[in-house]
Amino acid sequence: MTKTENPTVVFTDVETVEIENRAVPEPGPEQVLISTDRTLVSTGTELTVLSGDVPPGSAWDDHIEYPFTPGYNNVGTVVETGADVEGVEEGQRVATYGSHAAYVCSDAEACRPIPDGVSDDEAVFFTIAEIVMNGVRRSDLTWGEHAGVYGLGLLGQLAVRVSQAAGARPVVGLDVAQSRLEYLPDAPGVTGANPLEDDAEAVVREATGGSLADVVFEVTGNPDVITDELEVLREQGRFVVLSSPRGETSFDFHDHCNSPSYTIVGAHNSSHPSVATPANPWTQHRHAGLFFEYVADGSLEVESLVSHRESVTEAPGLYETLLADRTDAMGVVLEW
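About the thresholds
- Chains are numbered independently. Their residues run from 1 in the order of the written sequence.
- Totals for whole chains, interfaces and linings use all residues, but because this is a predicted model, local features are given only for residues with pLDDT of at least 70 and pairs of side-chain atoms are given and counted only at 80 or more.
- In computing side-chain values, all of the structure's heavy atoms are included and hydrogens and water are not.
- Counting from the N terminus, the helices are the DSSP runs of H or I reaching at least four residues and the strands are the DSSP runs of E reaching at least two.
- Note that the radius of gyration is over C-alpha atoms, with the globule rule given as 2.2 Å times the number of residues to the power 0.38.
- Only protein chains enter the area calculation, which uses a 1.4 Å probe; residues under 20% of their type maximum are buried, those over 50% are exposed, and those in between are partly exposed.
- Note on contacts: a residue pair qualifies if any of its non-hydrogen atoms lie within 4.5 Å across the two residues.
- In these tables, accessible area is a Shrake-Rupley quantity obtained with a 1.4 Å probe, and a residue counts as shielded only by the protein chains included in the view.
- Just so you know, the count uses Lys and Arg for positive and Asp and Glu for negative, and it drops His and the chain ends.
- Charge placement uses NZ in Lys and CZ in Arg. For Asp and Glu, CG and CD serve respectively.
- UniProt positions are given in the numbering used here, feature names are shortened, and annotations may be inferred rather than shown by experiment.
- Should DSSP find at least two bridges between two strands, the strands are taken to pair.
- Helix axes are fitted to C-alpha atoms over the stretch in contact, other axes to C-alpha atoms as well, and angles between N-to-C directions run from 0 to 180 degrees.
- Polar contacts here mean pairs of N or O atoms no more than 3.5 Å apart (in protein, one a potential hydrogen donor and the other a potential acceptor; neighbouring residues in sequence count only if both atoms are side-chain atoms).

A. Summary view of the overall build of the chain. The helix and strand inventory of the chain stands at eleven helices and 15 strands. Since a compact globule built from 336 residues should have a radius of gyration of about 20 Å, the 20 Å found for the chain is in line with a globular shape. With the principal axes as the frame, the chain shows a C-alpha extent of 60 × 40 × 35 Å. A total of 336 residues make up the chain; the buried ones form 50% of that total. Partitioning the contacts of the chain with sequence separation of at least 6, the portion at a separation of at least 24 is 66%. When the accessible area of the chain is evaluated, it comes to approximately 15200 Å², of which 45% is carbon and sulfur surface. In the chain, 17 side chains carry a positive charge and 55 a negative one; their mean positions are 6 Å apart.

Take a look at the structure:
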């Protein structure tokens, strides 16, 4: 592939994916040009956009406009730097929120340097890790607490692992798909259950020695099951909405909040502080750096989460398959 070619994944309309050869972008004075090596498909966000199945007038509806250029998990190599760039060099591997394109431009300050001990297949999970680490931090989870995670897609899988790394014990992962339960780490203090087949409350009590969860993470994105998830949460526990639910939930604030005195926490990625402060130094960059450290020293294992690895030329067919059924999809990696 020459530098004059820039294949780019584009959602040209609802359920329509094309690869367009767009112009290679020119980096500005404080930007870098990156040759993409890997991108990760966000099966939640991207398939929501591609399906167009969102409530009219919602924030989702306002966000979606075709043609839409998807992707925000990009790992690549810097091939050109702007005149005023400092701290980022040509030949350096970096992670950015760049799209599914062969070449992307990024502000130099937005680049996350990737250590030598972290592979491209591991590094490409960095955005997911940033989102989850922020959610776990906002939950105020502390060592020895019990955690439940509903929904074991990529965010849920990382939520289980990061909660465990933060000291939660046990962590119970719940999903209606057996294939997703099988991705849970085989580690002490981690157990799984299918809420359609198992009594979720009984599973949590057995795992904890009789207690309910101190923290429950909602990662299904399904507004119809959210109140059911509260059944495994103790009184005065914290319920963290880590997903981006597609639609409204019928919610009795007496039974589901006031009477049990739950704390309900939103945890969108945008709630990261824009700059580090003494009160909250945990920016997206710092979480990315921590993720890379954990991967490099073996504290977090993520490469086994790659379920699909395809050349970008196969992207239209891949998205079609995912739209039809994403049950078996976990880490969907596009190679460039």
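Further notes follow.
B. Region of the structure containing the UniProt feature "domain: Enoyl reductase (ER)" (unreviewed entry) in the chain. Those places that UniProt annotates as "domain: Enoyl reductase (ER)" (unreviewed entry) correspond, in this numbering, to residues 12–333. The straight-line gap between the two end C-alpha atoms of residues 12–333 is 21 Å; of that span, 27% is helix and 24% is strand.

C. Representation of the sheet that holds strand S12 (residues 233–241). On the basis of which strands lie adjacent, the open sheet formed by six strands has the order S10-S9-S8-S11-S12-S13 and parallel pairing. On the outer flanks of this sheet lie strand S10 (190–193) and strand S13 (263–266), each paired with one strand and no other. Sheet twist, expressed as the mean angle between neighbouring strand axes with direction ignored, is 20°. Here strand S8 (residues 147–150) runs beside strand S11 (residues 213–218); their pairing, made up of four bridges, is parallel. Across the sheet, residue Val-149 finds its bridge partner in S11, namely Phe-217.

D. Inspection of the side chain of Asn-74 at higher detail. Positionally, Asn-74 belongs in strand S4 (residues 74–81). For Asn-74, a relative accessible area of 0% translates into the label buried. Of note is the side chain of Asn-74, whose polar atom sits 3.0 Å from the backbone oxygen of Ser-99. Ignoring anything within four residues of it in the chain, the contact list for Asn-74 reads Ile-34, Thr-36, Arg-38, Thr-39, Val-94, Ala-95, Thr-96, Gly-98, Ser-99, Ala-101, Val-104 and Phe-126.

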